[in-house]
Every structure is written in structure tokens, then in C-alpha cells.
Amino acid sequence: EDEDGESVEEGPVEITNKYWDKLEIKVGAREKRGVYGCYVTEGHSEPDLKNAQTLQIKDTSIYQWSGSKYNTRTMRKLCPHPVRFRREWENTSGKKHLYIWRPIPPSGDFVALGMMATNTDQAPSVESMRCVPLAWCTPSKSTHSTWDSSGTAGRPGSLWAGNSFNLLVANASMNRPDELYELKRAKKVKDITPPELVEKLFTFKK
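Quick caveat, the model's predicted, so the values are computed rather than measured.

## With respect to the overall build of the chain
- What the chain contains, in helices and strands, is four helices and 14 strands.
- Within the chain, the proportion of its 206 residues that are buried is 40%.
- At a minimum sequence separation of 6, the contacts of the chain that also span at least 24 residues come to 63%.
- When the accessible area of the chain is evaluated, it comes to approximately 11600 Å², of which 47% is carbon and sulfur surface.

Here you go:
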């Protein structure tokens, strides 16, 4: 079961051509949100969540106040949860411990935009975040370091804002992490989702 308490469907899910043609990617809207990693900021201030962006999908084939019966199922397929987490870095030198976790996508068709952080050595729930299709992404150029361990005790490491979403990415060195992704700027889901992935994920009503 997923976070909605409903069984996750195996194999392709059935949708309509009209829904697929009208499905749009929204950044910072409110229709169907997902968590794609923890937000990171420099210094000790909390991230500005009022202006934080996130990826959502919107069914524009219906009226704005109507609920889409396809969105939840589509979100599960296009933006699946990771299958597990791998501990990427930790700092246990102080009173408060920090653990950074790399999400492992369900297949090579998907990637993670960010990582998750905890203050215990227990991995987050896989339902705590989502991945995105690799085809929706481009190498990130909006990367900057927010902290590194120089001058501190503990394991060497650094924290980064991995993309324009300011999603957390950690590295067990001072170097820029590899394989950082940014979302392509596209409006229609169908315009950036390759046919071979669509065929894996969906079937269309006649």
C-alpha cells in the first residue's frame, strides 16, 4: 500500500488519451504535490518554505475545482517512491547527529532530485519522497555548496543545494557531488516522456 492507504497497482495503469494530452507539469502549484528531497539553506536559518518549489502534475482536462480520478495513479507511476535508501554521509561528532540518505530509484528510468536527512541512524520511510523520470531531467548547473566539514571534527563531508529547487545533496568529501539533476522546463507531460516509458507505465482506453 502507498501513503494513501491504497494498493499500488502492478503493471501499466489505464488512463484516457484526453487526460494524457492535457496533463501538465507545474512547479510551485498545489494540485498534486510530492516531496523530492529535503530543502537545504546556508547558515542556521530555516529554509524559506513559502517560496520553496516542488513538482506537481495537473489534470487540465477538468474544471479546477473538480478532482481528477487519474492523478493519484499517474503520480505513483510517473513519480514513484524509491525502493530503499543508502546512507550517504553522517556526522555524529556533536550532541545532535545528522544522517544523509540517498534514495535508490526503482529502475534506471528514474532518478532522485535530492536526498533525505534524519537525526537517527534509521533510514526514512520509502514513502517519504518520490523520484522522477530521468527523461524529465538535465544535468544541474544550479549547484552551490552550503556547508563543509573543514575545521570541524568528524567525517569529512559537504552539503550542497543540488538544483534550483535547493534540494539537499551530500558528499563524503569536499568535492561537488556527481549526477546532479535539474528538471527540464516543459509544460506538457507527454512532451518530455518518451514513448517507451509511457508504454511501460500506461495503457489507454479505447
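Now that the structure has been shown, we can carry on.
## What to know about the environment of proline 80
- Mapped onto the secondary structure, proline 80 falls in the loop between helix H2 (71-78) and strand E4 (84-91).
- Separated by 46 residues in sequence, proline 80 and valine 126 have C-alpha atoms that sit 9.7 Å apart.

## Description of the pattern of salt bridges
- If you walk through the whole model with that rule in mind, you get eight salt bridges.
- Among the salt bridges present, the one from aspartate 21 reaches lysine 190, with a minimum N-O distance of 3.4 Å. Remark: lysine 190 occurs in helix H3 (residues 189-192) and aspartate 21 occurs in helix H1 (residues 17-22); sequence separation between them is 169 residues.
- On the accessibility criterion, aspartate 21 (34% relative accessible area) is partly exposed.
- We classify lysine 190 as partly exposed; its relative accessible area is 37%.
- In this structure, lysine 187 and glutamate 24 form a salt bridge, with 3.8 Å as the shortest nitrogen-oxygen distance.

## As for the packing of aromatic side chains
- Applying the stated criterion across every chain yields a total of four aromatic pairs.
- Here the aromatic rings of tyrosine 19 and tyrosine 70 are separated by 5.0 Å at their centres, their planes lie at 40 degrees, and the arrangement is tilted. Taken together, the residues tyrosine 19 in helix H1 and tyrosine 70 in the loop between strand E3 (55-59) and H2 connect sequence positions 51 residues apart.
- When its relative accessible area of 1% is taken as the criterion, tyrosine 19 is described as buried.
- Here the aromatic rings of tryptophan 89 and tryptophan 147 are separated by 5.7 Å at their centres, their planes lie at 55 degrees, and the arrangement is tilted. A residue pair is termed long-range when its members are at least 10 positions apart, and tryptophan 89 in strand E4 and tryptophan 147 in strand E10 (residues 144-148) qualify at 58 residues.
- In this structure tryptophan 147 comes out as partly exposed when scored by relative accessible area, which is 31%.
- Ring pairing ties together the aromatic residues Trp20, Phe202 and Phe204, which thus form one cluster.

## Here's the deal with the confidence of the model for the chain
- Averaged over the chain, the pLDDT score is 87; the fraction of residues at 70 or greater is 88%.
- Ranking the helices and strands of the chain by mean pLDDT puts strand E6 (residues 110-111) first, with 98, and E3 last, with 84.

## Topic: the sheet that holds E10
- Taken in spatial order, the three strands line up as E10-E11-E12 in an open sheet, and their pairing is antiparallel. Only two strands of the sheet have a single partner each, and these edge strands are E10 and strand E12 (168-171). Between one strand axis and the next, the sheet turns by 30 degrees as a mean value, whatever way the strands run.
- Bridge count between E10 and strand E11 (residues 158-161): four bridges; the pairing is antiparallel. Each bridged residue has a counterpart across the sheet, and for histidine 144 the counterpart in E11 is alanine 161.

Parameters at a glance
- Residues numbered from 1 in each chain as written.
- Predicted model: local features only at pLDDT ≥ 70, side-chain atom pairs only at ≥ 80, totals over all residues.
- Heavy atoms only, no water.
- Helix = DSSP H or I, 4+ residues; strand = E, 2+ residues; numbered from the N terminus.
- Buried < 20%, exposed > 50% of the residue type's maximum accessible area, 1.4 Å probe, protein only.
- Contact = heavy atoms within 4.5 Å.
- Areas by Shrake-Rupley, 256 points an atom, 1.4 Å probe, with all protein chains shown as cover.
- Salt bridge = Lys/Arg side-chain N within 4 Å of Asp/Glu carboxyl O.
- Phe/Tyr/Trp six-rings, centres within 6.5 Å; stacked < 30°, edge-to-face > 60°.
- pLDDT = per-residue confidence, 0-100.
- Pairing = 2+ DSSP bridges.
- Axes fitted to C-alpha atoms, helices over the stretch in contact; angles between N-to-C directions.

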